[in-house]
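# Coordinates in review
Spelled out, the chains give:
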Amino acid sequence: MSSQSLTDGFGRQITYLRLSVTDRCDLRCGYCMSENMSFLPKRDLLNLEELEHLSAAFINRGVRKIRISGGEPLVRRDIMKLMGNLSKHLDSGDLDELTLTTNATQLSRYAGELKAMGVGRINISLDTLDDDKFAQLTRRRVLKTVLEGIEAAQNAGLKIKINVVALADFNRDEIPSMIEWAHKEGMDLTLIEVMPLGEVEEDRFDQYLPLTALRDELEQDWTLEPIDKNTGGPARYVRVRETGGVLGFITPLTNNFCAGCNRVRVTCTGQIYMCLGHMDCIDLRTALRGSDPETALNAALDIAMLRKPERHTFDIAGPGAMPAVERHMSVTGG
Ligand code: SAM
Ligand code: SF4
């Protein structure tokens, strides 16, 4: 069995796996999904054993952090069993961090259990604190449930980062008060530029709010002090002196940080995407289901490393532009 680390053609070491466990979701955020998404048949999804097997293969090749995503990971029926089994790699010291990204609708049920199994912090996506706007954006009126989920996570002792997609036509005015709210509640908050992934009803150009402009606006009222908190990802962090909290900026469009990329993504059907901004992928499910999965998986991972591109190339060209990448974020896992 190969235990060589995963190093791509540009010398970047891959130590972070984002694993999607479902393409389904109980919300329909306008920038992520269309109202009528066709979801994959269940038989196409990796089963629990396959997800565990796959994760172990990555860990064996030097992955130290796994983020479970989706779709909405907490709507998958056997999710807690998966989390529990993956958490054994934390106990053994083979993994530094197991975490997840969630919309928080199911968190009230699961927060305590997640904390007990060794999950220390989670990312929660929330783009508005206004009940009507939340219902409009997600097409479901469940803000109250989400806030209860956040409270449950806080009570369980989970550290929380709120992810906010900055949308020009939707939440621009609300962003400062969301930052104040999150920081008052002891949570970090990260702003994300909307990415042209998959076709949705609205024009991406109308949604797009460059974070450079937003940052300038925030700096008129606040002092943003850069802090050294490099996660190997595209986020850059500051501390807001006036609130004392941490604010992140994920700026794939206005500022590209691909040079330090340390991650790959695997879909719920076992396709490894070496870059969020490219269509190229390699099928790991066939390797997993073959007669010699270890050898086949390691060979597939070696090929994946050779094919990881230097950088993404998406752009929001102008009104009416086609999506840069056809697949929705819910397929690859955010
Ligand atoms: N359902 C979970 C959630 O919402 O946190 C996990 C999956 S969701 C696809 C992961 C993240 O991707 C969320 O923070 C969401 O806001 C973000 N996202 C989805 N589509 C996006 C897009 N086109 N551009 C930027 N971020 C996007
Ligand atoms: Fe669901 Fe998350 Fe996409 Fe919203 S962003 S539709 S919660 S997968």
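Just above sits the structure.
Residues numbered from 1 in each chain as written. Chains lettered and ligands numbered in written order. Predicted model: local features only at pLDDT ≥ 70, side-chain atom pairs only at ≥ 80, totals over all residues. Heavy atoms only, no water.

Looking only at helices and strands, one finds 11 helices and 12 strands in the protein chain. Looking at the protein chain residue by residue over its 334 residues, the buried ones come to 54%. In the protein chain, of all internal contacts separated by at least 6 residues, the share reaching a separation of at least 24 is 73%. Summing over all exposed atoms, the protein chain offers an accessible surface of approximately 14300 Å²; the carbon and sulfur share of this is 48%. (Helix = DSSP H or I, 4+ residues; strand = E, 2+ residues; numbered from the N terminus. Buried < 20%, exposed > 50% of the residue type's maximum accessible area, 1.4 Å probe, protein only. Contact = heavy atoms within 4.5 Å. Areas by Shrake-Rupley, 256 points an atom, 1.4 Å probe, with all protein chains shown as cover.)

Here the focus is the sheet that holds strand β8 (residues 235-240). Judged by pairing direction, the sheet is mixed, and its 12 strands sit side by side in the order β7-β8-β9-β6-β5-β4-β3-β2-β1-β10-β11-β12 without closing on themselves. Edge positions in the sheet fall to β7 (224-226) and β12 (281-283), since each of these pairs with one other strand and no more. Averaged over neighbouring strand pairs, the angle between their axes works out to 25 degrees when direction is ignored. Across 5 bridges, strand β1 (residues 16-20) lies against strand β2 (residues 65-69) in parallel orientation. Counterpart to L19 in the pairing with β2 is I68. The sheet contacts of helix α10 (residues 293-307) involve β10 (263-266), β11 (271-273) and β12, and relative to β12 the element is tilted by about 175 degrees. (Pairing = 2+ DSSP bridges. Axes fitted to C-alpha atoms, helices over the stretch in contact; angles between N-to-C directions.)

As a structural note, the neighbourhood of ligand 1 is formed by 17 residues, with Y31, G71, E72, S125 and M195 the closest of them. At 3.0 Å, a backbone N or O of G71 approaches a nitrogen atom of ligand 1. The contact in question runs from an oxygen atom of ligand 1 to an N or O atom on the side chain of S125, over 2.5 Å. In terms of residue class, the shell around ligand 1 is built from 6 nonpolar, 8 polar and 3 charged. (Near = heavy atom within 4 Å. Polar contact = N/O pair within 3.5 Å; in protein donor to acceptor, adjacent residues only side chain to side chain. Nonpolar A, V, L, I, M, F, W, Y, C, P; charged D, E, K, R; others polar.)

Attention shifts here to the site of ligand 2. Surrounding ligand 2, one finds C25, L27, R28, C29, C32, M33, G71 and N103. In the shell around ligand 2, the residues fall into 5 nonpolar, 2 polar and 1 charged.

With a phi close to 75 degrees, A104 is a non-glycine residue in the positive phi region. As for its placement among the helices and strands, A104 is situated in the loop between β3 (97-102) and α3 (107-116). Phi at R139 takes a positive value of approximately 60 degrees, unusual for a residue other than glycine. Locating R139 in the fold gives a position in the loop between α4 (131-138) and α5 (143-156).

Quick look at the environment of T212 now. The residue T212 is located in helix α8 (residues 211-221) in this model. Taking the C-alpha atoms as reference, T212 lies 9.2 Å from F249; in sequence the two are 37 residues apart.

Okay, α10 next. Spanning 15 residues, α10 covers 21 Å between terminal C-alpha atoms, matching the ideal 21 Å at 1.5 Å per step. Taken together, the buried positions of α10 are occupied by P293, L297, N298, A300, L301, A304 and M305. The buried residues of α10 occupy an angular sector of 160 degrees when the element is viewed end-on, so they sit on one face. Packing partners of the buried residues in α10 comprise α1 (48-60), β10, β11, β12 and α9 (285-289). (Expected span 1.5 Å × (residues − 1). Arc of directions from axis to C-beta.)

A word on α4. Those residues of α4 lying buried are F134, A135, L137 and T138. The buried residues of α4 all sit within an arc of 170 degrees when viewed along its axis, so they share a single face. Facing away from the buried side of α4 by more than 90 degrees, the exposed set consists of D132 and Q136. If you follow the buried residues of α4, they end up packed against α5.

Attention now goes to the pattern of salt bridges. In the structure shown here, the tally under the stated rule is 16 salt bridges. As a salt-bridge pair, R28 and E35 come within 3.9 Å of each other at their nearest N and O atoms. Its relative accessible area of 10% is what places R28 among the buried residues. The network of salt bridges with shared partners includes R28, E35 and R140. (Salt bridge = Lys/Arg side-chain N within 4 Å of Asp/Glu carboxyl O.)

So, on to the pairing of strand β4 (residues 121-125). Where β3 lies against β4, 2 bridges are found, and the strand directions are parallel. Opposite T101, over in β4, you have N123 as the bridge partner. In this structure, β4 lies alongside strand β5 (residues 159-166), joined through 5 bridges in parallel fashion. Its bridge partner lying in β5, S125 is registered against N163.

This part covers the packing of aromatic side chains. As enumerated under the stated definition, the model contains 0 aromatic pairs in all. The ring of F170 carries K133 above its face, with NZ or CZ at 5.2 Å from the centroid. Lying over the aromatic face of F249, R215 brings its terminal NZ or CZ to 4.8 Å of the ring centre. (Phe/Tyr/Trp six-rings, centres within 6.5 Å; stacked < 30°, edge-to-face > 60°. Lys NZ or Arg CZ within 6 Å of the ring centre and 35° of its normal.)

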